[in-house]
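Inside the fold
Each chain is listed here by its residues.
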Amino acid sequence: MQKRFIAIWFPHLTTDWKIRRQPELKDVPFVFASPERGRMIVRATSAIAYAKGVYVGMVVADCRALIPSLQVFDDKPGLTIQLLNALAEWCIRYTPIAAIDPPDGLILDVTGCAHMWGSEETYLKEIVTRLKGFGYTIRAAIADTIGTAWAVCRYGQITPVISSGTQLEALLPLPPAALRLESNIVERLEKLGLYHIRSFISMPSSALRRRFGQSLLTRINQALGHEIEVIDPVRPIEPYQERLPCLEPIRTATGIEIALKKLLDMLCKRLQDQHKGLRRCLFKCFRIDGDIQKIEIGTNRPSRNTEHLFKLFENKIATLQPDLGFELFFLEAPIVENVSIEQEQLWNLAFKENDAEVAELLDRIAGKVGGQAINRYLPQESHLPERSFKLASSIDEKLETPWRILPRPIYLLPHPEPIEVMVRIPDYPPLHFRYNGTLHTVKKADGPERIINEWWYKMGLNRDYYCIEDEVGRRYWLFRLGDYNSNEPRWFIHGFFA
């Protein structure tokens, strides 16, 4: 079977990715840049900036002379390879062999794949349309060789589908750079007036080798198919899955439990061999009528404790509806993490620690009330109360900064709420305040505690916080925003003490 390859080019890969994350940049010229010898050099340009004359390698100062409103973002090392690998894995739905072509392309070996879409034109259009739908600017071409597909993808002007055996005709009108040559060779060819491949491709090999080196001949032969070119396909991470088909349909809860235990043993043994533990696990049951029943669990820390994981599933088995019976069971761990030696010891029955027991208790509670009902918070570097903490990703996440030992309410409102107050004189606590239509008379007050925004944020008004106790003993956390010297300040309630 004749080999066929698709070359895909992303001329604005990283900037298109940025627009996907921040759609407001769609109509804004911007670049990624990094320092080099004391100057900021452009590493990637958006489509709008490129259309206005900004290109990779320019000095940012020169770019701003062309486009005063140009936005500049720090270049992210390794982002290009990361994006290409992710896109190559996505392309595996169209072909089993997909490779990255740094810095901005992909190569797909599509031999024997196009017939599933009817024709190569339809096949290529499907891939291009899907990728453009994600927001990427792309060009693509298909040919017998990688070299020809790459050349037509970047420099072709007629058709992106090159018929089998017509590589030479497709290459003739293209510039020398289409052969993936080093820049110095391209410059030498153009100095000699060889602006198109047709100008030199029929010259004797000995003359080309003597003037331009073996690399030019290699690229020509690869593009024409006279030399084999090998690609290194991406290897997606093998999912952690286990399957258990049944000789007879399973309709009882006991049968489902036996199947689940067996799958957990198989999966946990594999995780143990690779020193990993799961954070999420999905149990799918395929009925003989085609219906799929599934239940899911999550853990606070990586786990491969079969007994613990089974207990988490056990509470949900009753929700499965076997009807005529299940013929296939499927267990998958979509999220896994590395496990430390200390965690392995915690699962040893002869060695128990309180933190392991707490983690498993939280898992069981989450299985009953839902994982969203249990949160763990960690301190964060900020003076403003609403920014002084963050949501922890797991029970094992470590403190990056210590908790500040200050009087704080047990319940903090998501956002401060405005209140009406009566103050005896400026800079004094309120005499009474009205919140949600109820008037509260202040009996005791402590404060003020002044809190201001961090200097690296946009400076705002000062906050003066007071701990207030009303006539029935309820305690509140109020603050005055601003002071009486500039404008009439506003008052807010921010929390409630026990």
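A few points on the structure. Bear in mind the structure is a predicted one, so any value in this text is a computation, not a measurement.

Time to look at the overall build of the chain. Regarding its fold elements, the chain presents 14 helices and 19 strands. Relative to the compact-globule value of 23 Å for 498 residues, the chain shows a C-alpha radius of gyration of 32 Å, a clear excess of over 25%. Along the first, second and third principal axes, the C-alpha atoms of the chain reach 100 × 75 × 40 Å. Within the span of the chain, comprising 498 residues, buried residues form 40% of the whole. Relative to all contacts within the chain whose residues are 6 or more apart in sequence, the contacts with residues 24 or more apart total 55%. About 28,200 Å² of surface is accessible on the chain, with carbon and sulfur atoms providing 53% of the total. The positive charge centre, built from 63 side chains, and the negative charge centre, built from 61, are 4 Å apart in the chain.

This next bit is on the pattern of salt bridges. Summed over the entire model, instances satisfying the criterion amount to 21 salt bridges. Here Arg279 ties to Glu337 by a salt bridge, and the two come within 3.1 Å at their closest N and O atoms. Here the residue Arg279 occupies a position in strand 9 (residues 276-287), and Glu337 occupies one in strand 11 (residues 326-338), the gap between them amounting to 58 residues. What makes Glu337 partly exposed here is its relative accessible area of 30%. Linking Arg480 and Asp464 is a salt bridge whose minimum nitrogen-to-oxygen distance equals 2.7 Å. In this pair, Arg480 sits in strand 18 (residues 475-481) while Asp464 sits in strand 17 (residues 463-470), placing the two residues 16 residues apart along the sequence. For the pair Arg480 and Asp464, one class covers both residues: buried. Overlapping salt bridges, with partners in common, bring together Arg287, Asp289, Asp291 and Asp323 in one network.

A general feature of soluble globular proteins is that nonpolar side chains tend to end up buried together. Among the nonpolar cores identified, the biggest contains 32 residues, and Leu179, Ile197, Phe200, Leu216 and Ile220 are the most heavily contacted of them. Mapped onto this core, the elements with two or more residues apiece are strand 1 (5-9), strand 7 (139-143), helix 6 (146-155), helix 7 (167-171), helix 8 (183-191), helix 9 (205-212) and helix 10 (214-224). Examining the composition of this core, we find that six residues originate from one element, helix 6, more than from any other. Here Leu216 is in contact with Leu179, Leu181, Phe200 and Leu208, once residues within four sequence places are set aside. Ranked by size, the runner-up nonpolar core spans 30 residues in total, among them Leu13, Leu106, Leu108 and Leu124.

This next bit is on a nonpolar patch on the surface. On the surface, a cluster of nonpolar side chains totalling about 660 Å² of accessible area is made up of Tyr377, Phe389, Leu391, Leu399, Trp403 and Ile405. Looking at where Phe389 falls in the secondary structure, it is placed in strand 13 (residues 389-391).

Packing of helix 9 against helix 10 brings their axes to within 7 Å, and their N-to-C directions diverge by 130°. In this view, helix 9 runs oblique relative to helix 10, as classed from their interaxial angle. Here helix 9 contributes Ser205, Leu208, Arg209 and Phe212 to the contact with helix 10, which in turn contributes Gln214, Ser215, Leu216, Leu217 and Ile220. Class assignment of the residues belonging to the contact of helix 9 with helix 10 gives a composition of five nonpolar, three polar and one charged.

What follows concerns the pairing of strand 9. Two strands pair when backbone bridges link them, and strand 9 and strand 11 are joined in this way by ten bridges, in the antiparallel orientation. Opposite Leu282, over in strand 11, you have Glu332 as the bridge partner. Count of turn residues in the strand 9/strand 10 (residues 292-303) antiparallel hairpin: four residues, of which Gly290 carries a positive phi of about 95°.

Closest axis-to-axis distance for the helix 1 (residues 13-21)/helix 4 (residues 79-90) pair is 10 Å, and the angle between their directions is 75°. By the angle class used here, helix 1 and helix 4 are roughly perpendicular. Residues Leu13, Thr14 and Trp17 of helix 1 lie in contact with helix 4, whose contacting residues are Leu79, Thr80, Leu83, Leu84 and Leu87. A per-class count over the contact of helix 1 with helix 4 returns six nonpolar, two polar and no charged.

Within this structure, the stated rule accounts for 21 aromatic pairs. For the ring pair Phe10 and Tyr136, a centre distance of 5.8 Å and an interplane angle of 80° mean the geometry is edge-to-face. Of the two residues, Phe10 is situated in the loop between strand 1 and helix 1 and Tyr136 in the loop between helix 5 (120-133) and strand 7; the sequence distance between them amounts to 126 residues. Here Phe10 and Tyr136 have matching classes, each one buried. For the pair Phe433 and Tyr476, a centre-to-centre distance of 5.3 Å together with 80° between the ring planes defines the contact as edge-to-face. Of the two residues, Phe433 is situated in strand 15 (residues 430-435) and Tyr476 in strand 18; the sequence distance between them amounts to 43 residues. Note on Phe433: relative accessible area 0%, which makes it buried. Relative accessible area serves as the criterion here: at 4%, Tyr476 is assigned to the buried category. Aromatic rings pair up to connect Trp90, Tyr94, Trp117, Tyr123 and Phe134 into one cluster. The aromatic ring of Phe310 is capped on one face by Lys261, whose charged end is 4.8 Å from the ring centroid. Of note, Arg463 hangs over the ring of Phe479, and the distance from its end group to the ring centre comes to 4.9 Å.

About the cut-offs
Numbers given for residues are sequential positions, taken from 1 along each chain in its written order. Side-chain atom pairs in this predicted model are given and counted only at pLDDT of 80 or more, local residue features only at pLDDT of at least 70, and totals for whole chains, interfaces and linings cover all residues. Think of the side-chain values as coming from all heavy atoms in the structure, minus any hydrogens and water. Strands here mean DSSP runs of E at least two residues long; helices mean DSSP runs of H or I at least four residues long; both are numbered from the N terminus. Each radius of gyration is computed over the set of C-alpha atoms, and the globule rule expresses the reference value as 2.2 Å times the number of residues to the power 0.38. Think of it in three bands: residues with accessible area under 20% of the maximum for their type are buried, residues over 50% are exposed, and the middle band is partly exposed, with areas taken using a 1.4 Å probe on protein chains only. Residue contacts are counted whenever heavy atoms from the two residues lie within 4.5 Å of one another. Computed with the Shrake-Rupley method and a 1.4 Å probe, the accessible areas treat only the protein chains shown as cover for residues. Charge assignment in this entry is limited to Lys and Arg as positive and Asp and Glu as negative, and neither His nor the chain termini are counted. In this description, the location of a charge corresponds to atom NZ of lysine, CZ of arginine, CG of aspartate or CD of glutamate. Any Lys or Arg side-chain nitrogen found within 4 Å of a carboxyl oxygen on Asp or Glu counts as a salt bridge. Remark: nonpolar core denotes a set of buried residues (Ala, Val, Leu, Ile, Met, Phe, Trp, Tyr, Cys) joined through side-chain atoms within 4.5 Å. Residues form patches when they are more than 30% accessible in relative terms and have no salt bridge. Like charges link within 9 Å. Nonpolar side chains (Val, Leu, Ile, Met, Phe, Trp, Tyr) link within 5 Å. Lines are fitted to the C-alpha atoms to define the axes, a helix being fitted only along its stretch in contact, and any angle between axes, read from their N-to-C directions, falls within 0 to 180 degrees. Oblique is the label for every angle not falling under 35 degrees (roughly parallel), over 145 degrees (roughly antiparallel), or within 65 to 115 degrees (roughly perpendicular). Residue classes follow a fixed rule: Ala, Val, Leu, Ile, Met, Phe, Trp, Tyr, Cys and Pro count as nonpolar, while Asp, Glu, Lys and Arg count as charged, and any other residue, Gly among them, counts as polar. Pairing between two strands is assigned when DSSP locates at least 2 bridges connecting them. Stacked, tilted and edge-to-face are the three classes applied to pairs of Phe, Tyr and Trp rings, where Trp contributes its six-membered ring and a pair requires centres within 6.5 Å; stacked means planes under 30 degrees apart, edge-to-face means over 60, and tilted covers the rest. A positively charged side chain is recorded as over a ring if its NZ (Lys) or CZ (Arg) lies within 6 Å of the ring centre. The angle to the ring normal must also be within 35 degrees.

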